[in-house]
Amino acid sequence: MKKFLVSFALFAALIFVVSCGGSSKKDNKENEPVDDTDVVETDSDTEPTEEPTTEPTTEPTTEPTTEPTTEPTTEPTTEPTTEPTTEPTTEPTTEPTTEPTTEPTTEPTEPTGPTAEEICTTAGGTWNSETETCTKTATCTDLPEHAEWNGDESYTQTYTDSAWSAETAAEHNETEGTCHFKCIAGYFWNDTECRKPLSLGNICTGQTKCYNASAKLETCPAEEAAFFGQDPQYTDKCNAQNLSLETPVAGQNVVFDHNTGLMWQQATPDSTYNWEDAVNYCDGLEYAGYSDWRLPDSKELLSILDNGKSNPAVDTTKFPNMPTGESNLWTSREYAEDSTKARALFPNYGWIRNRAKTESSNIMCVRGNGFPVSSFTIRTIAGQDVVTDSTTGLMWRYSYWSDVNWTAALESCETTNYAGYSDWRLPNKNELASLLNFDKSGKPYSDFPDMPSSRFWASTSVFDAAWDVRFDSGTIYYDSKTSSYNVRCVRNASDEPTAEEKCTALGGIWDPEAETCTKISNCIGLLPEYAEWNDDGKDGKYTQTYNYTENAWSAGIAKEYSEEAGICHFKCESGYLWNGTECALLPVCSSTSSTPCKDSEGVLIWSSKAPSMMNLSDADSHCDGLTEGGLSDWHLPTISELRTLIQNCEYTATNGSCGVKDSCLSSGSCWNTTCSICTANSTEGYYSKFSDTGWFWSSSETSDITNYAWRINFDFASVAEGSNTGELYVRCVRANN
C-alpha cells in the first residue's frame, strides 16, 4: 500500500506541474530521481494526507526493515519515470496544439471563386490590370456580296455582368465608320443588296398598247399574225420601271431608281437656264443631304420616260414638276459636230434633239453612277456573225436590211432564222437607243461594229408613227410608219440555255462555284495486255472541260507507257517489260539472256553491264540516271543483292556462310574466311549467273573503314572490301514491281 501511495503522490505532483504550464527550478529539482532516503522521507510526509494512519503503524512493526529500502528504490524510480513522462506529456501537447491550430486556419482559407482576370480569360477576352477591364476585338460580319468595308472592319467589345457588350451590325453607309460598308465600283445599294445597275437597253419603255399601221388595236395581235412583235409584246425581255419616292431630308424629296441606282431631284426649279448655267446649277446644288448632284446625260433621262404616257411622258406622281408643252430638259452632252449646241430631252413625247446652248431650258439634277459604256463583241455562230453587248446582254444581228417600212420591219425580225436562232425581234426604243454614243466626235454616233450613219426602226409606236434612232445625228424621233428605214434585229443572249443547262445537255457536270463544266472520259486507246494503269487510281480516266467560247470539249488524252504515275499512264505488270509496243514477259537472267531480265525468284530485275569500269561515286550516278527497257528507277545493288548473282559457290552465294550482308557490313566482325574460300575455275564466268568476270561494285560501304565498300570478284566468287576510288564493273538493279 505504501508503494502505491508513493507512486500516486509522485504522479499527481507531475500532473500538477505540467497542467500549470511549467515549474520553477526548484520544482524541477524535486521531481528528479532521488536516493532511498529521500523516497522514504517523502512517503512518510505524504501518507498522512492521503490514507489513514493505520497502515503506516502496522507495516513497519510486522515486516523487516529491508522492505522499505527495496520497494522505494525499485518502484519510485520505475513508475514515476514511466507514467508521468508518457501520459502528461501526451495529453497536454496533443489537445492544445490540435484544436486551436485547426479551427482558426480552416475558416480564412475557404474558396473565394475565380478572379476577374480568370473570368475574362475564360470568356476569351484580354484583361487590362490598370483599368480592370476585360475586352476583345470583334470582326465585322455580314458583308454583302459586291460590297467593301467603308471604315474599321473590327471593334472592341467589353465583358460586363457575365456578358459581352452588343455586337455592331454591318450597315450600308457612304460615311466612313465602324462596320460601315459601301458597294464596290460599278454597283449600287438597293435596300438589301449591292446590285449592278441596269443599262438603258434593259429597261422597258412603259408602252402597253399595240397599233397597226395607223390606229390603236383593241388587243395586241397573236403570234404569226400581222403586226405581231411590237414593244408591249416583249415586256418579259426587259425590266419594268422601279421608281420610289423618298425623303432623306424633310421637305426635300428624291426619286430613287431601283433599276439604275440613280437618284433624281424631285423639286426642280421653275426657272429656265442656258446650258452652261444649267451645268453650274447642278454642280453647286446641295439637296436632300447630298452635294454630288450633276446634270444628267441623254440615256439617263431616257430611262425615266414612260412611253405609254404623253405631255409629259413620265410618271407625274413621281415627277410632278416635269415640264410640258414645248419645254425641254437640258442634258450634260454636247453635240460634237457643233460646239454651240447640246443635247436636250423633249419630255412631252420623249425626243432627244440638239439645241443651241444659249437657249433656255428646264433642268432636273441627278446623282449616282452613270450607265456603263457598251462593249461590243463579234462572234460567229453557225457561220453567221452576231454582235453581243456585254453591258445589256443583248445579241444583235450583224447584218441588217435597208429601206424597209415599219410593218415590214416587224415581220422581217419575227420570221428570220439567223445564226441558228429563231427568236429575233425588232428592238424597242430603249434597246435601239442603247447603241448610241452621244459623246462620239463624229458620225455614226455609235460604237457598234460597222454601224451605218442612218436611221433604224424601233418596235415602239403610237398610231401611225413609230420611233426611230438616228445614228447620223445622235437623235431620237418618231416618223410615219410608211417611211423606209433600216432594220437590225435583236434577241436576249440570256435566252440561250444557261451554262449549266448546256453542260447538262452535253452530259457534263456543272460546278456552280468554279462555273465550269466537266466530264469524266476514258483515255484514248486500249490498255495493252499484261499492263496496268499507273495513274494514281484513276484507272484510265481523266477530266475534260467544256470551253463555252469555242463550244468544244478540251482535247482528249491518249494512253501512254510510263513508269512515272500520271494521267492515262500505264506500266507493265510484274514480270513483264515494255518493249516499245507491248508488255513482254521478262526472261530469267542467264549467261545468254538479254537484259533487262529477272532473277530466278522474280524479285529483282538486272540491267546490262555498264560499258566501262568506274569508281563508286560514278557507279552510283550511272545507275541513278540509267533508262533501260523503258525503266528508269535503277540503283546500284547492295552487297546482298549482288550476292544473288553468285552461283557454284555455296559460301558466298545468297544465304552462304560468308557473314558480309546488308545487315552486317563490318570488315572486322562480318568478314570470315569463307568469303574467299572458293578457288578459280577454268570455265570463264563459272561463278556468275551472267558469266561475268572481274570485280563488281556494291553500294554497301564498310561500317568500320572509311571510304571503303564491299565488292565481289566473280573470278573467285569472293567478297572483299576495297577503296571507293578503285575502278570496277557495274551492273544496276531494280525491284520487280
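Rules and cut-offs
Residues numbered from 1 in each chain as written. Predicted model: local features only at pLDDT ≥ 70, side-chain atom pairs only at ≥ 80, totals over all residues. Heavy atoms only, no water. Helix = DSSP H or I, 4+ residues; strand = E, 2+ residues; numbered from the N terminus. Buried < 20%, exposed > 50% of the residue type's maximum accessible area, 1.4 Å probe, protein only. Contact = heavy atoms within 4.5 Å. Areas by Shrake-Rupley, 256 points an atom, 1.4 Å probe, with all protein chains shown as cover. pLDDT = per-residue confidence, 0-100. Pairing = 2+ DSSP bridges. 1 Å grid on protein atoms, 1.4 Å probe; cavity = no way out; pocket = protein on both sides within 12 Å on 5 of 7 lines; lining within 4 Å. Points joined across faces, edges and corners; volume = space filled by probe spheres on them. Nonpolar A, V, L, I, M, F, W, Y, C, P; charged D, E, K, R; others polar. Polar contact = N/O pair within 3.5 Å; in protein donor to acceptor, adjacent residues only side chain to side chain. Phe/Tyr/Trp six-rings, centres within 6.5 Å; stacked < 30°, edge-to-face > 60°. Lys NZ or Arg CZ within 6 Å of the ring centre and 35° of its normal. Core = buried A, V, L, I, M, F, W, Y, C linked by side-chain atoms within 4.5 Å. Patch = residues over 30% accessible without salt bridge, like charges linked within 9 Å, V, L, I, M, F, W, Y side chains within 5 Å. Salt bridge = Lys/Arg side-chain N within 4 Å of Asp/Glu carboxyl O. Lys, Arg positive; Asp, Glu negative; His and termini not counted. Charge placed at Lys NZ, Arg CZ, Asp CG, Glu CD. Disulfide = S-S within 2.5 Å.

A. Seen up close, the overall build of the protein. Of regular secondary structure, the protein possesses 13 helices and 40 strands. Every one of the 737 residues in the protein was classed for burial, and the buried ones make up 41%. Sequence-distant contacts in the protein: of pairs separated by 6 or more residues, those separated by 24 or more amount to 59%. Summed over all atoms, the accessible surface of the protein reaches about 37,800 Å², with 48% contributed by carbon and sulfur.

B. Molecular detail of the confidence of the model for the protein. Scored by pLDDT, the protein comes out at a mean of 85, with 84% of its residues at no less than 70. Averaged over each element, pLDDT in the protein is lowest for helix α2 (residues 25–30) (36) and highest for strand β24 (residues 485–487) (98). Considering only residues more than four positions removed or in separate chains, one finds that residues 1–102, a stretch of pLDDT under 50, has 56 contacts.

C. How the structure looks around the sheet that holds strand β4 (residues 154–160). Pairing in this open sheet of four strands is antiparallel, and the strands run β1-β2-β4-β5 from one edge to the other. Unpaired on one side and paired on the other, β1 (126–128) and β5 (163–164) mark the two borders of the sheet. Direction of pairing for strand β2 (residues 133–139) relative to β4: antiparallel, over a ladder of five bridges. Counted as the bridge partner of K136 is Q157 from β4.

D. Examining the pairing of strand β37 (residues 695–701) more closely. Pairing of β37 with strand β38 (residues 708–713), which is carried by four bridges, proceeds in the antiparallel orientation. Residue pairing in the sheet places W695 in a bridge with N713 of β38.

E. Just empty space enclosed by the protein, in detail. Scanning the entire structure with this criterion turns up two cavities of 30 Å³ or more. If you add up the space inside the largest cavity, you get close to 70 Å³. Lining the largest cavity are 13 residues; nearest its centre among them are C572, Y576, L631, R734 and N737. Examining the composition of the lining of the largest cavity, we find that three residues originate from one element, strand β33 (residues 576–578), more than from any other. Residues that form the lining of the largest cavity fall into these classes: seven nonpolar, three polar and three charged. Taken as a whole, the second largest cavity holds about 40 Å³ of empty space. In terms of lining, the second largest cavity is formed by D231, Y234, K237, R425, L426, N428, E431 and S459. A class-by-class count of the residues in the lining of the second largest cavity yields two nonpolar, two polar and four charged.

F. The arrangement of the side chain of S473 in detail. Looking at where S473 falls in the secondary structure, it is placed in the loop between β22 (465–470) and β23 (475–480). Its relative accessible area of 17% is what places S473 among the buried residues. For S473, the side chain forms a polar contact with the side chain of T475, separated by 2.7 Å.

G. Layout of the packing of aromatic side chains. If you walk through the whole model with that rule in mind, you get 33 aromatic pairs. Judged by centre distance (6.4 Å) and plane angle (35°), the rings of Y349 and W351 are tilted. A relative accessible area of 34% places Y349 in the partly exposed class. By relative accessible area, W351 is classed as buried at 18%. For the pair F456 and F471, a centre-to-centre distance of 5.8 Å together with 80° between the ring planes defines the contact as edge-to-face. In this pair, F456 sits in strand β21 (residues 455–462) while F471 sits in the loop between β22 and β23, placing the two residues 15 residues apart along the sequence. Of the two residues examined, F456 and F471, each falls in the buried class. A connected cluster of aromatic rings, assembled from ring pairs, spans F346, Y349, W351, W467, Y477 and Y478. The cationic tip of R397 hangs over the ring face of W401; the distance from NZ or CZ to the ring centre is 4.3 Å. The residue whose ring lies beneath R711 is W695, and the NZ or CZ to ring-centre distance is 4.9 Å.

H. Quick peek at the side chain of T391. Structurally, T391 is set in the loop between β18 (384–389) and β19 (394–397). Here D389 takes part through its side chain, which lies 2.7 Å from a polar atom of the side chain of T391. With near-sequence residues (within four places) excluded, T391 lies in contact with S199, N202, P372, V373, S374 and S375.

I. Local environment of the nonpolar core. W264 and F319 are the most contacted members of the largest nonpolar core, which totals 40 residues. Where this core is concerned, the elements lending two or more residues are α8 (298–303), β14 (341–346), β15 (351–356), β19, α10 (429–433), β21 and β22. Excluding its chain neighbours within four sequence positions, the residues that come into contact with W264 are N253, V254, V255, W293, P296, E300, L301, I304, F319, M364, C365 and V366. One finds I639, Y687, F696 and F714 within the second-largest nonpolar core, a separate group that totals 25 residues.

J. Representation of unusual backbone geometry in the model. Backbone torsion omega between N311 and P312 reads 0°, so that peptide bond is classified as cis. Here P312 lies in the loop between α8 and β13 (329–334). Going from K443 to P444, the amide bond is cis rather than trans, its omega being -15°. Tracing the backbone shows P444 in the loop between α10 and β21. One non-glycine residue, D450, adopts positive backbone phi at about 55°. Residue classification places D450 among the exposed positions, given a relative accessible area of 56%. Its identity as a non-glycine residue notwithstanding, F463 has a phi of 55°, on the positive side. With respect to the element layout, F463 can be found in the loop between β21 and β22.

K. How the structure looks around a negative patch on the surface. Residues E529, E532, E573 and E582 make up a contiguous surface patch of negative charge. One can find E532 in strand β28 (residues 531–533). Relative accessible area serves as the criterion here: at 32%, E532 is assigned to the partly exposed category.

L. Representation of the state of the cysteines. Throughout the structure, instances matching the rule amount to 15 disulfides. Paired by a disulfide, C523 and C568 hold their sulfur atoms 1.9 Å apart. Across the disulfide from C523 to C568, rotation about the S-S bond amounts to roughly -90°, and the bridge is consequently left-handed. In this pair, C523 sits in the loop between β27 (516–522) and β28 while C568 sits in the loop between β31 (560–561) and β32 (569–572), placing the two residues 45 residues apart along the sequence.

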